[in-house]
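Examination of the molecular architecture
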Amino acid sequence: IYLKRAGVEQMLNEKGNELKAIIERLRGKDEWGVNIFCDRAKLLEMITTLSPALREMGERAGAASAGQAYLLRKKIEGMRADESRAEIRRALTLMERELSGLSDGAVRLRMRQSETTEHVDLAAKLVFLVERTRFKDFRAAAERLAESHAGAGFRLELTGPWPVYNFVEELKADD
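Everything in this summary refers to the structure shown in the same document. (Residues numbered from 1 in each chain as written. Predicted model: local features only at pLDDT ≥ 70, side-chain atom pairs only at ≥ 80, totals over all residues. Heavy atoms only, no water.)

Some thoughts on the overall build of the protein
Assigned secondary structure in the protein consists of five helices and four strands. Listing every helix and strand of the protein by position from the N terminus yields α-β-α-α-α-β-β-α-β. Relative to the compact-globule value of 16 Å for 175 residues, the protein shows a C-alpha radius of gyration of 23 Å, a clear excess of over 25%. When the backbone C-alpha atoms are referred to their principal axes, the protein occupies close to 85 × 35 × 25 Å. In the protein, buried positions account for 35% of the 175 residues. (Helix = DSSP H or I, 4+ residues; strand = E, 2+ residues; numbered from the N terminus. Rg over C-alpha atoms; globule rule 2.2 N^0.38 Å. Buried < 20%, exposed > 50% of the residue type's maximum accessible area, 1.4 Å probe, protein only.)

So, unusual backbone geometry
Here the residue pair G160 and P161 is connected by a cis peptide bond, since its omega of 5° sits within 30 degrees of zero. Mapping P161 onto the fold places it in strand β4 (residues 154–162).

Some remarks on the pairing of strand β1 (residues 29–39)
A regular strand places its side chains so that they alternate between the two faces of the sheet. Counted residue by residue, β1 has 10 buried out of 11 residues, so it is predominantly covered. Bridge count for β1 against β4 is seven bridges, and the pairing is antiparallel. Bridge pairing links V34 to L158 in β4. (Pairing = 2+ DSSP bridges.)

What to know about the packing of helix α2 (residues 40–50) against helix α3 (residues 52–63)
The description of two helices packed together rests on the angle between their axes and the distance between the axes. It is the contact of α2 with α3, at a shortest axis distance of 6 Å, that shows an interaxial angle of 70°. In terms of orientation, α2 and α3 fall into the roughly perpendicular class. Here I47, T48, T49 and L50 of α2 come into contact with α3, specifically with P52, L54 and R55. Here the contact of α2 with α3 is built from residues that sort into four nonpolar, two polar and one charged. (Axes fitted to C-alpha atoms, helices over the stretch in contact; angles between N-to-C directions. Parallel < 35°, antiparallel > 145°, perpendicular 65-115°, else oblique. Contact = heavy atoms within 4.5 Å. Nonpolar A, V, L, I, M, F, W, Y, C, P; charged D, E, K, R; others polar.)

Describing the pattern of salt bridges
Evaluation of the coordinates by the stated rule reveals 12 salt bridges. Note that E77 is salt-bridged to R80, the shortest N-O span being 2.9 Å. Of this pair, E77 and R80 are both found in helix α4 (residues 66–100), three residues apart, which corresponds to roughly one turn of the helix. By relative accessible area, R80 is classed as buried at 17%. (Salt bridge = Lys/Arg side-chain N within 4 Å of Asp/Glu carboxyl O.)

Have a look at this one:
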């Protein structure tokens, strides 16, 4: 906080080049949020077809004797929750990677506990620095990802444009 104009002028003289570099890096870009929700019940219902390990065990159970099939189905049932968590991580990584490729930066934001409900979780809050001229491609990719993951219980929410708060680095402090 500067109480006098002289303090602002001194700061601009000292930090002017850093400020110009930040402004140039952000020029023509917006921040876009992507909230990724997951319906846990739907994912749990679909996980035996999504997880390669569970799918393979299901096939083995179908070809096994009655006793072996029973044991394999019990094992599948016990693994569903762990495989669902792994599928969430896999899907989030894939979505973040694809959208990052269409942006000039990505940040995963911290989530509050209050942002989840009993059945639908906010699985991730991401923000991307997107060049305005590339936004149509970014939005199209987000829509494709939403469509391709909807069957597994995922839903994407695109928000913005926002000011580029998450992509402005702090000015270096003087030593």
